[in-house]
Amino acid sequence: MAEKSKSNSLLIKGGHIIDPAQKFDAPMDVLLRDGRVAEVAEPGKIRGGADAKFDARGLIVAPGFIDLHVHLREPGQSYKETVETGTAAAAAGGFTSVCCMPNTNPVIDSVEWVTWLLHPDRGAVVNVFPVAAATLASRGATLTDFRALHRAGAVAVTDDGKPVLDDKVMRDALRLSSDLNITIVQHAEDTRATEGCPMHEGPTSFRLGLRGSKASAEADVVDRDVQLAQASGGRLHVAHLSAADSLTAVRRAKRAKARVTCEVTPHHFTLTDADIRDYDTRYKMNPPLRSAADAEALIAGIADGTVDAIATDHAPHAAYEKNQEFDRAPFGITGSETALGLAITKLHKERGIPLSRIVELFTSGAARVFDLHGRGTLAKGAHADVTIFDPKKRWTYEAAKSLSKSHNSPFDGWSFTGKVMATIVSGRIVYEV
Amino acid sequence: MKTPARGSLLSIEHLPTREIDALLKLARGMKPAGPRPLLRGKRVALLFYETSTRTRASFEVAAKSLGAITTLIQTSGSSIEKGESLLDTGFTLAAIGADVIILRHPNSGAPNLLAQHLDIPVINAGDGMHEHPSQALLDAYTILRHKKKIDGLQVAIIGDIFHSRVARSNIHLLSKLGAKMTLCGPPELAPELATTLAPRVQITRHVEDAVRGADVVMLLRVQKERLAGLKLHAFDYIARYQMTPARLKLAKRDAILMHPGPAIRGMELEGDLADAPQSVIREEVQNGVPVRMAILARAVGKAR
């Protein structure tokens with residue numbers, strides 16, 4: 001559709017803009033120039049020429065989507081994914097920015113590794129925002145140099161994959177977060193209570209003879225963290241929140257004006273533990289798929305505004321790793337390319353949650369969590385990151401055709417309503433159907 | 001992923017009732033001493049990732065009684081020790097020409113994994129805490145030698161149900177054939193979740209209530225280390241749940257006492273009770289051979 005993709009200005013014409021940050025939900029044209037949003041105006045009102053035009057008739061034009069939680073696997077596990085392949089998959093999913101987790105090998109706990117990750121040689125197709133480790137080697141003992149990591153380009157800190165369990169370490173981290181205004185991302189899991197548990201505890205875990213972890217192993221940590229955040233004034237972000245009780249804790253914290261945010265993944269609001277059926281490791285992830293009541297609670301939290309962002313927790317793994325005994329297979333599923341389809345199908349089409357709310361969860365809601373200024377909006381002067389999608393188009397996902405290096409998706413063969421048609425980063429089209 | 005090859009036996013949960021009946025009927029015609037070379041020239045691989053006495057010996061005798069060639073692969077002394085994955089070991093055995101793989105594995109679902117990738121039948125000889133289908137079939141076979149039918153029987157299952165693959169298989173099988181079950185044990189070993197496994201299952205914390213009026217009293221092994229890990233005291237378990245002659249008297253007069261083995265005398269049952277007239281514990285072991293012969297005959301498609 002675009003006449004030219006490498007140009008200084010691009011006019012997106014005839015589309016319907018949804019920009020929750022500016023409360024826009026109307027037919028409008030957008031002009032991008034020199035990597036920025038130059039103008040947003042009523043149809044046909046933008047004067048002067050553009051180097052290229054994009055015909056967006058019948059499509060939604062939204063600020064570029066931000067994924068707060070992906071695993072790009074570099075350094076150290078490039079057989080699963082690389083920055084290049086992971087960001088290509090992100091672009092295909094409509095994401096113009098991804099925040100990548102530090103649980104690599106070695107762990108991203110130093111300025112050197114943050115700098116390495118941001119180097120052009122990595123071949124990133126979309127914006128990469130590293131989230132650095134909160135403690136050295138993510139061992140949970142000694143805090144990293146938050147200030148230096150932040151200056152080097154890390155947008156937040158976390159020991160994702162592992163929780164910070166030690167009360168004192170978490171208190172110190174949140175105090176520092178308050179001083180420096182950096183968000184601490186917590187993977188909330190009391191690992192002392194979940195050891196050897198490959199799934200959620202319930203009738204399915206009993207039937208399969210697998211050890212089940214309780215939702216309280218997550219909620220108890222969220223409860224504690226919320227209290228520490230309130231006491232310290234620190235900024236806490238709860239990653240991939242999966243349990244109803246955790247959401248209750250976040251809702252309470254928000255009412256008390258604590259600086260607490262949370263993200264929810266598409267798989268946790270779509271699937272339940274029963275979907276594992278007979279040991280299908282494509283459904284094995286951490287936090288685990290929980291009960292139908294938990295999934296319902298997440299959808300309610302998305303509808304009522306408690307949830308700040310939808311994040312994918314895109315976690316690629318090689319086929320041979322997933323083709324193991326359920327206890328041994330690694331946790332995680334890919335998710336970049338299926339997020340919007342799941343959100344529109346499950347939340348908008350089936351539950352009537354407005355499209356503008358869904359766009360908010362992918363854009364301004366996510367941008368606020370890590371203070372990504374000039375992202376998540378199409379305000380004049382913002383970065384020229386745009387996601388264009390067809391909210392009515394039906395399509396079928398084929399994991400084998402994924403741009404990710406790995407194909408470990410439970411949504412292989414699923415049909416969705418809502419498809420990404422083009423992804424624009426800094427005014428350049430990086431993905432187009 | 002493939003559909004498991006015909007003749008695979010992965011669980012009782014997914015085994016239709018008519019196939020259970022057919023297997024039990026077939027087993028009644030199997031004579032370990034008789035000349036029945038149904039598996040002549042067939043290669044049966046016994047792939048054992050856990051130690052086992054009765055299941056392994058019983059499957060081996062069953063296979064040999066039917067004329068099969070058997071190969072035993074155990075964790076030590078094989079490439080498993082060198083870090084070969086389960087699937088790769090399975091592919092290796094299939095490449096060598098195995099016609100059937102009998103798998104015992106400490107991880108629940110391991111037989112499902114193997115069956116989803118191989119073209120030959122896989123028989124589950126016990127996987128983790130999941131299922132032990134051949135044990136449940138031989139238990140049903142044993143019950144039917146003492147009772148006319150399973151439909152309507154009252155069965156007490158006492159002991160460590162949570163960790164037991166035998167319990168899960170038996171609960172599925174007895175429920176499918178119409179028995180009513182009362183499970184009994186401390187909540188850590190007999191969780192309320194167990195009642196969600198199948199219809200007609202209830203739970204009690206009082207062993208007397210479980211045994212009263214029962215046609216079958218089935219005990220499960222209780223490991224001291226497990227109790228310790230759950231911070232339970234062995235003497236508490238013994239006092240509250242151990243099967244004693246006095247407790248057994250509460251069952252029907254013609255009740256039978258079962259135990260899949262290995263029985264720990266002095267723990268789940270009072271020492272000499274295993275030898276009491278009501279005990280069919282050794283008979284269960286004996287019945288393992290014809291039942292496993294039937295399972296193998298079905299696996300190679302010679303079930304008629």
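In this numbering scheme, every chain counts its residues from 1 along its sequence in written order. Starting at A for chains and at 1 for ligands, labels are handed out in the order in which the entities are written. Whole-chain, interface and lining totals are the exception, using all residues; otherwise, since this is a predicted model, local features are given only for residues with pLDDT of at least 70 and side-chain atom pairs are given and counted only at 80 or more.

When its secondary structure is counted, chain B shows eleven helices and nine strands. Here chain B has a C-alpha radius of gyration of 19 Å; the compact-globule value for 304 residues is 19 Å, and the two agree. Referenced to the eigenvectors of the C-alpha coordinate spread, the extents of chain B come out at roughly 55 × 40 × 35 Å. Here chain B holds 304 residues, and 51% of them are scored as buried. For chain B, contacts bridging at least 24 residues in sequence account for 75% of all contacts bridging at least 6. Labels follow the DSSP assignment, with helices taken as runs of H or I lasting at least four residues and strands as runs of E lasting at least two, numbered in each case from the N terminus. Using C-alpha atoms as the atom set, the radius of gyration is obtained and then compared with a globule rule of 2.2 Å times the number of residues to the power 0.38. Labels follow a simple rule on C-beta atoms placed from the backbone: if 20 or more others lie within 10 Å of a residue's own, it is buried; if 12 or fewer, it is exposed; otherwise it is partly exposed. By the criterion used throughout, residues are in contact when their C-beta atoms, derived from the backbone, lie within 7 Å.

Tallying secondary structure elements over chain A gives 14 helices and 20 strands in all. Its C-alpha atoms give chain A a radius of gyration of 21 Å, within 12% of the compact-globule value 22 Å for 433 residues. Seen through its C-alpha atoms, chain A measures out along the principal axes to roughly 65 × 45 × 45 Å. For chain A, the residues scored as buried account for 59% of the 433 residues in total. Within chain A, contacts between residues at least 6 apart in sequence are counted, and of these 76% link residues at least 24 apart.

Residue and element names in this part refer to chain B. With respect to the helices, strands and loops of the structure, K64 is situated in helix α2 (residues 54-65). For K64, a count of 15 C-beta atoms within 10 Å gives the class partly exposed. When the C-alpha positions of K64 and M293 are compared, they lie 9.2 Å apart, and in sequence the two are 229 residues distant.

Further remarks concern the domain arrangement of chain A. Residues and elements named next belong to chain A. We note that the domain assignment places domain 1 (9-61 + 383-432) and domain 2 (64-369) within chain A. Where each domain starts and ends comes from a domain assignment, either automatic or drawn from a database. Relative placement of domain 1 and domain 2: their C-alpha centres are 25 Å apart. Of the residues lining the interface, 31 residues belong to domain 1; the matching set on domain 2 comes to 43 residues. Every element with two or more residues in the side of domain 1 that touches domain 2 is listed here: β18 (386-396), β19 (415-425) and β20 (428-432).

Residues and elements named next belong to chain A. Nonpolar core, as used here: buried Ala, Val, Leu, Ile, Met, Phe, Trp, Tyr and Cys residues forming one set through C-beta atoms within 7 Å. The biggest cluster of nonpolar side chains holds 125 residues, and the ones touching the most others in it are V30, V61, V131 and V157. Two domains each donate at least three residues to this core, and these are domain 1 (9-61 + 383-432) and domain 2 (64-369). If we skip the residues at most four places from it in the chain, V61 touches I12, G15, H16, I17, V30, A56, V386 and I388.

Residue and element names in this part refer to chain A. Pairing geometry for strand β2 (residues 16-19) and strand β7 (residues 60-63), over two bridges, is parallel. Opposite I17, over in β7, you have V61 as the bridge partner. When β7 meets β18, the two strands line up antiparallel, connected through four bridges. Within the sheet, the bridge partner assigned to A62 lies in β18 and is T387. DSSP bridges decide pairing: two strands pair if at least two such bridges lie between them.

As a further point, take unusual backbone geometry. All names here are of chain A. Cis geometry marks the peptide bond from N105 to P106; its omega dihedral reads 0°. Within the element layout of this structure, P106 appears in the loop between β9 (95-100) and α2 (111-118). At H240, a residue that is not glycine, the phi angle is positive and equals roughly 25°. Topologically, H240 is positioned in the loop between β15 (235-238) and α8 (244-255). Phi is positive for D313, close to 55°, though the residue is something other than glycine. Mapped onto the elements, D313 comes out in the loop between β17 (309-310) and α11 (319-322).

Looking now at the interface of chain B and chain A. Counting residues at the interface gives 18 residues for chain B and 14 residues for chain A. Of all the secondary-structure elements, those providing two or more residues to the side of chain B that touches chain A are α3 (86-96), α4 (110-117) and α6 (165-176) of chain B. Per element, the largest residue contribution to the side of chain B that touches chain A is three residues, and it comes from α4 of chain B. When its residues are assigned to classes, the side of chain B that touches chain A shows eight nonpolar, eight polar and two charged. When residues are sorted by character, Ala, Val, Leu, Ile, Met, Phe, Trp, Tyr, Cys and Pro go into the nonpolar class, Asp, Glu, Lys and Arg into the charged class, and all the rest, Gly among them, into the polar class.

Each strand in a sheet pairs with another by means of backbone hydrogen bonds, the pair being arranged parallel or else antiparallel. Residues and elements named next belong to chain A. With mixed pairing, six strands are arranged side by side in an open sheet as β3-β2-β7-β18-β19-β20. Among the strands making up the open sheet, the edge pair consists of β3 (24-27) and β20. Strand-to-strand, the axes of this sheet are offset by a mean angle of 25°, without reference to chain direction. Examined bridge by bridge, β19 and β20 share four bridges and lie antiparallel to one another. Directly across from V425, in β20, lies its bridge partner R428. To get an axis, a line is fitted to the C-alpha atoms, and for a helix only the part in contact is used. The angle between two axes follows their N-to-C directions and goes from 0 to 180 degrees.

A separate point is the sheet that holds strand β1 (residues 43-48) of chain B. All names here are of chain B. The parallel open sheet is built from four strands, whose spatial order is β2-β1-β3-β4. Edge strands, defined here as strands with exactly one partner in the open sheet, are β2 (69-74) and β4 (122-127). Put simply, the sheet's adjacent strands are angled 15° from each other on average, direction ignored. Relative to strand β3 (residues 100-105), β1 is paired through five bridges, and the arrangement is parallel. When the bridges of β3 are listed, L47 appears paired with L103.

This brings us to the pairing of strand β10 (residues 127-133) of chain A. Residues and elements named next belong to chain A. Counting buried residues along β10, seven of its seven residues qualify, which places the element largely inside the surrounding structure. Across four bridges, β9 lies against β10 in parallel orientation. If you follow V98 over to β10, its bridge partner there is V128. For the crossover from β10 across helix α3 (residues 146-152) to strand β11 (residues 156-158), the handedness is right-handed. Here is how to tell: hold the view so the strands point away, follow the path from the first strand over the helix to the second, and if it runs clockwise the crossover is right-handed.

Now for helix α5 (residues 133-144) of chain B. All names here are of chain B. Here a helix's expected span is defined as the number of its residues, less one, multiplied by 1.5 Å. Compared with an ideal rise of 1.5 Å per residue, which puts twelve residues at 16 Å, α5 spans 17 Å between its outermost C-alpha atoms and is within 8% of the ideal. Most of α5 is tucked away, with eleven of its twelve residues classed as buried. Lining the buried residues of α5 we find α1 (17-28), β4, α6, β8 (216-219), β9 (256-258) and α11 (281-299).

To continue, consider the packing of helix α4 (residues 167-180) of chain A against helix α7 (residues 216-232) of chain A. Helix packing for two helices is described by the angle between their axes and how far apart those axes are. Residues and elements named next belong to chain A. At a minimum axis distance of 9 Å, the contact between α4 and α7 shows a crossing angle of 45°. Judged by the angle between their axes, α4 and α7 are oblique. Like other packed secondary-structure pairs, α4 and α7 cross with a definite hand, here right-handed. Taking contact as the criterion, the partners of M170, R171, L174, R175 and S178 in α4 are, on α7, D225, L228, A229 and S232. When its residues are assigned to classes, the contact of α4 with α7 shows four nonpolar, two polar and three charged. Working rule for angles: under 35 degrees goes down as roughly parallel, over 145 as roughly antiparallel, 65 to 115 as roughly perpendicular, anything else as oblique. Throughout, a crossing is termed right-handed when the near helix is turned clockwise from the far one, and left-handed when it is turned anticlockwise from it by less than a right angle.

Residues and elements named next belong to chain A. Turning to its location among the elements, V359 is positioned in helix α13 (residues 355-362). C-beta crowding within 10 Å serves as the criterion here: with 27 such atoms nearby, V359 is assigned to the buried category. Once the C-alpha coordinates of V359 and A219 are considered, the two residues, 140 residues apart in sequence, prove to be 27 Å apart. Apart from residues lying up to four places away in sequence, V359 is in contact with I18, P20 and A62.

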